[in-house]
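# Notes for the structure review
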Amino acid sequence: MRTAIIIVITFLSIIQSIAQTSQNKNTHSLKLLPVYKGEPSEPDSTYEKKYHIEKLRFYLSDLIILNEQDSIVYTHQAKNILIDIAKPESLLILFQDSLLVSKKYKMQFGIGVDSTTHARGAMEGDLDPVNDMYWTWQSGYINIKLEGNITHNANKEQFEYHIGGYTGNRNAYRKIRLPYNGNLFIHLDQLLSQMLGKQQHIMSPGKDATDFADIFARCMSHTF
Amino acid sequence: MAYDVPAHFPLPIYERELAQATSAKIDLGRALFYDPILSADSTISCASCHSPYNSFAHTDHEVSHGIHDSIGTRNAPALFNLAWQPLLMWDGASNHLDMQALAPITHPGEMAESIKHLMVKLKRSTIYTALFKKAYGIDTITSQKMLQALTQFQLSLISDQAKYDKVKQGNDTFTIQEQAGYSLFQAKCNACHTEPLFSNYAFRNNGLSPDTANYDLGRYRVTKQTQDSFLFKVPTLRNLSYTYPYMHDGRFRRLNQVLNHYTAIDNQNVHISHELSSGVKLTSNQKADLIAFLLTLNDKSFILNQDNKFPRSILLPTKENQH
């Protein structure tokens, strides 16, 4: 009887440890998934035979994972990551260390470059001005660049959004916190439907840019 | 390499960068500053608009001239004591010396070059490959190091040897006229042109009527706040004998024109900053005294300093060897 209990307990703990390793000892990642009405979006594609996105680039910054108690369990090393939907490799952020993850964990990140980083002078890597994400006539990173056109009958109408600004109420950096499941969907249909027709050119910091930043942040989710 | 801040100067904002200065970094920055390789057709260097003989301002033109003789809208400011400046440009559009250089390099009317293409040109150059290696120990030239080197050279431009400085350090004395001018200065000008750098680096309106050519809105262009309309960064008053013409649009060529402007200020001007709201009254004798004081802010040793000039031995090494 006693040995039977011991065997059962050992057996259970073996199962448990197997389950644990397979479930948790993973290298995790964050996969960015641009979607249009739920359909995965390919780079340089036209939606509804009308909307053509030529360029979507933005900075994803200060990525952390938080547990149920809101303590940080993971901090991504690269502070500012340049996401470019034309570069599939930029859409998968591999975490540098493996960690234990539960369903209740959350992820937090910023869209854009925060104001402290803005004041640091010349940077390299993803923040290098050769990436064309820095304004030159005035100091400041471009947090989000969205460019494309709309076809009306035979005519093409451009839209162009260069979103930035880092001071006071013109600060366009947005912090986002969502449940963490490894996915981050970017709902392009929601973004376009809220922007096009209203404001099709935003090229400098200000109210239009911060409004865009708010909308862009709301178009991100961990589910479809 | 550490720079000794004179006792009568405040601590510089770019303290960290000054602490990292080496002569190899400054040499590299100096080469870049004088090299027209930074412009698209290799005709314009930073020094084309910022000449060492003019305390790194530009005196031929009211507003700057760039590539293909295109004309800018503002007067090129003198470059020195930049380590103390929180924001750059007449409207404060630039928040860091590193990033400031991107503006002239890429401006279609100034140097009209792309950073990407400039990096390709620099990487092809054996001179620069060696200079970057020596300064930063790197084999691959980056835009970050290029911008930081330009910063290092510009931070090394320190003007602190004027007669005023010698008086402050107890090594010289003002004449009676200069002393009288100094008292007037402290009463009427120091609120904005604050000693010892002769600027508080704030954005102010000194009563100028908007320039008719460009109707420049100044600080408003950056902040889009109506209260910032027609405000410009208070410029330093050091080295004025070398930096004419004066004001953001270069409208005055002589100091007595400037003083006549201040004494003729229209206090009905709604944009004028509060420091000047009750106007400036000066007799002609007082004007002469004030100018005598302003001339004690000229630093001839800064203008003559060979270390700041075209680096012939670095940029033209082969010619040098032929001598």
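Residues numbered from 1 in each chain as written. Chains lettered and ligands numbered in written order. Predicted model: local features only at pLDDT ≥ 70, side-chain atom pairs only at ≥ 80, totals over all residues. Heavy atoms only, no water.

Here we come to the overall build of chain A. For chain A, the count of helices and strands is four helices and 14 strands. Within the span of chain A, comprising 224 residues, buried residues form 50% of the whole. Long-range pairs, those at least 24 residues apart, make up 72% of the contacts in chain A with a sequence separation of at least 6. Carbon together with sulfur atoms contributes 53% to the accessible area of chain A, which is approximately 11400 Å² in total. (Helix = DSSP H or I, 4+ residues; strand = E, 2+ residues; numbered from the N terminus. Buried < 20%, exposed > 50% of the residue type's maximum accessible area, 1.4 Å probe, protein only. Contact = heavy atoms within 4.5 Å. Areas by Shrake-Rupley, 256 points an atom, 1.4 Å probe, with all protein chains shown as cover.)

Time to look at the interface of chain A and chain B. On the side of chain B, 21 residues touch chain A, which itself brings 18 residues to the contact. Across the interface of chain A and chain B, roughly 1600 Å² is buried in total on both sides, 51% from carbon and sulfur atoms. Contact with chain B buries area across many residues of chain A, yet Ala122, Val130 and Thr136 of chain A alone supply 32% of it, more than any other trio. Across the chain A-chain B interface, the total number found is zero salt bridges. Counting the contacts that link chain A with chain B gives 10 residue pairs in polar contact (both at pLDDT 80 or more). In the side of chain A that touches chain B, the residues fall into nine nonpolar, five polar and four charged. (Buried area = accessible area lost by both parts, 1.4 Å probe. Salt bridge = Lys/Arg side-chain N within 4 Å of Asp/Glu carboxyl O. Polar contact = N/O pair within 3.5 Å; in protein donor to acceptor, adjacent residues only side chain to side chain. Nonpolar A, V, L, I, M, F, W, Y, C, P; charged D, E, K, R; others polar.)

Residues and elements named next belong to chain B. Per the domain assignment, the segments making up chain B are domain 1 (15-159 + 302-321) and domain 2 (163-298). Inter-centroid distance (C-alpha atoms) of domain 1 to domain 2 is 28 Å. Every contact between the two is made by 28 residues of domain 1 and, on the other side, 24 residues of domain 2. Counting each side, the surface lost to burial between domain 1 and domain 2 is near 2200 Å², with a carbon and sulfur contribution of 55%. Across the domain 1-domain 2 interface, the total number found is two salt bridges. The interface formed by domain 1 and domain 2 contains 11 residue pairs in polar contact (both at pLDDT 80 or more). (Domains from an automatic or database assignment.)

All names here are of chain B. Under the counting rule described, the total for this entry stands at 31 aromatic pairs over all chains. With a centroid separation of 5.7 Å and 70° between ring planes, the pair formed by Phe80 and Phe302 is classed as edge-to-face. Here the residue Phe80 occupies a position in the loop between helix 3 (46-49) and helix 4 (97-100), and Phe302 occupies one in helix 15 (residues 300-304), the gap between them amounting to 222 residues. Taken individually, Phe80 and Phe302 each receive the classification buried, so the pair is uniform in this respect. Ring centres 5.8 Å apart and planes at 75° place the aromatic pair Phe174 and Phe293 in the edge-to-face group. Placement of Phe174 in the loop between helix 9 (163-168) and helix 10 (176-188) and of Phe293 in helix 14 (residues 284-295) is noted, with a sequence separation of 119 residues between them. Accessibility expressed as a relative area gives 0% for Phe293, which makes it buried. Feature note: the residues Phe33, Tyr34, Phe56, Phe80, Phe153, Phe302 and Phe310 constitute an aromatic cluster, connected by ring pairs. When the ring centre of Phe203 is taken as reference, the NZ or CZ atom of Arg219 above it lies at 4.3 Å. (Phe/Tyr/Trp six-rings, centres within 6.5 Å; stacked < 30°, edge-to-face > 60°. Lys NZ or Arg CZ within 6 Å of the ring centre and 35° of its normal.)

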